[in-house]
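Each chain, written out:
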Amino acid sequence: MSPFHSMTHATVYIVITVLFFLIAATRKSPFNIAGSFVQEIFTSRKYLLHFVALITILFFNKVEMWVEKGIDIKTDFTKSIYGIEGNFVSAIQHFFHNDTLTLVSSYFYVVVFPAVMITSIALYTYQKNYRLFYAICYALMFNYMIAIPFYLFFPVNEVWSFHPNVKLLILDVFPTFEQDYRPLSGLDNCFPSLHTSISVSMAVIAVKSRSTFWKIFVPCSSAFIIFTIFYLGIHWLSDMCAGVVLGVVAARVGLRISDGRLVLGEQVLLKRLKNNEL
């Protein structure tokens, strides 16, 4: 029996996984954490604006796919990538192929990947670690801002759709993946790999977390997700390499901007205190 019958099932698994992550990272009730998030939404305009901007940027893939359909000139760089890489992905998939590994890899690709993003936002909010919360927002924005132009003008198809010896293994446990998950990402939205770049950004930021569990687990999950993009037959090696570079740069940019905004906010606060405005 396939554990994923639809995106509804996947969503349920994501919620359960987020709850588990929050408990493991904080040893607190998820309801208390949810309460702190709601409080920030209704009491901090700055927090609300960043959160809204974050949600908006996550829908940009849909906008990109709509724009792509309106572009008359179509190019395809998949053959060139295959000419450079050859059977790299095929070799990995065939060497490691195992039913249990397929299940675990699919779970990380579909469930753990978004669960880490959601948990990061909730965790840093609960800890009032605004530096990391804002860094997450800026890093995600930067990831999408850089990746989307490549998806429009440097289209590369997923490995399984081009390579004759590579199979989309995720279909073994998620038979409706192409119908349910595909609308979230185009078949030629391959270079750079956002699963890689966002996972790497989350890992770089997570190592600065106050939670020991989180600063260890997120980098480990990031490394495994990078493995899954090859094993499941989705991404090329070049997609991963570009994703790692983008992820590191995005995280560093996010942290730097976040630091700058916090310093500016502290200066404004000190100035008001000095002028007896508060």
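Our subject is the structure listed above.
Residues numbered from 1 in each chain as written. Predicted model: local features only at pLDDT ≥ 70, side-chain atom pairs only at ≥ 80, totals over all residues. Heavy atoms only, no water.

Student: Explanation requested: the packing of aromatic side chains in the structure shown.
Tutor: According to the stated counting rule, one finds 28 aromatic pairs in the structure shown. Relative to Tyr47, the ring of Phe37 has its centre 6.2 Å away and its plane inclined at 70°; by these criteria the two rings are edge-to-face. Of this pair, Phe37 sits in helix H2 (residues 30-43) while Tyr47 sits in helix H3 (residues 45-58), placing them ten residues apart in sequence. Overall, the relative accessible area of 0% leaves Tyr47 in the buried class. Ring geometry for Phe108 and Phe224: centres 4.8 Å apart, planes at 70°, overall edge-to-face. You can see Phe108 sitting in helix H7 (residues 99-126) and its partner Phe224 sitting in helix H11 (residues 212-231), a full 116 residues away along the chain. Judged by relative accessible area, Phe224 falls into the partly exposed class, the value being 22%. (Phe/Tyr/Trp six-rings, centres within 6.5 Å; stacked < 30°, edge-to-face > 60°. Helix = DSSP H or I, 4+ residues; strand = E, 2+ residues; numbered from the N terminus. Buried < 20%, exposed > 50% of the residue type's maximum accessible area, 1.4 Å probe, protein only.)

Student: Please explain the packing of helix H6 (residues 88-96) against H11 as it appears in this structure.
Tutor: Each pair of packed helices can be described by the angle between their axes along with the distance between the axes. Running from N to C, H6 and H11 cross one another at 100°; their axes reach a closest spacing of 8 Å. With respect to H11, the element H6 is oriented roughly perpendicular. Here Phe88, Val89, Ile92, Gln93 and Phe96 of H6 lie close against H11, whose contacting residues are Phe227, Phe230 and Tyr231. Across the contact of H6 with H11, the residue classes tally to seven nonpolar, one polar and no charged. (Axes fitted to C-alpha atoms, helices over the stretch in contact; angles between N-to-C directions. Parallel < 35°, antiparallel > 145°, perpendicular 65-115°, else oblique. Contact = heavy atoms within 4.5 Å. Nonpolar A, V, L, I, M, F, W, Y, C, P; charged D, E, K, R; others polar.)

The values reported here are purely geometric and, on their own, carry no functional implication.
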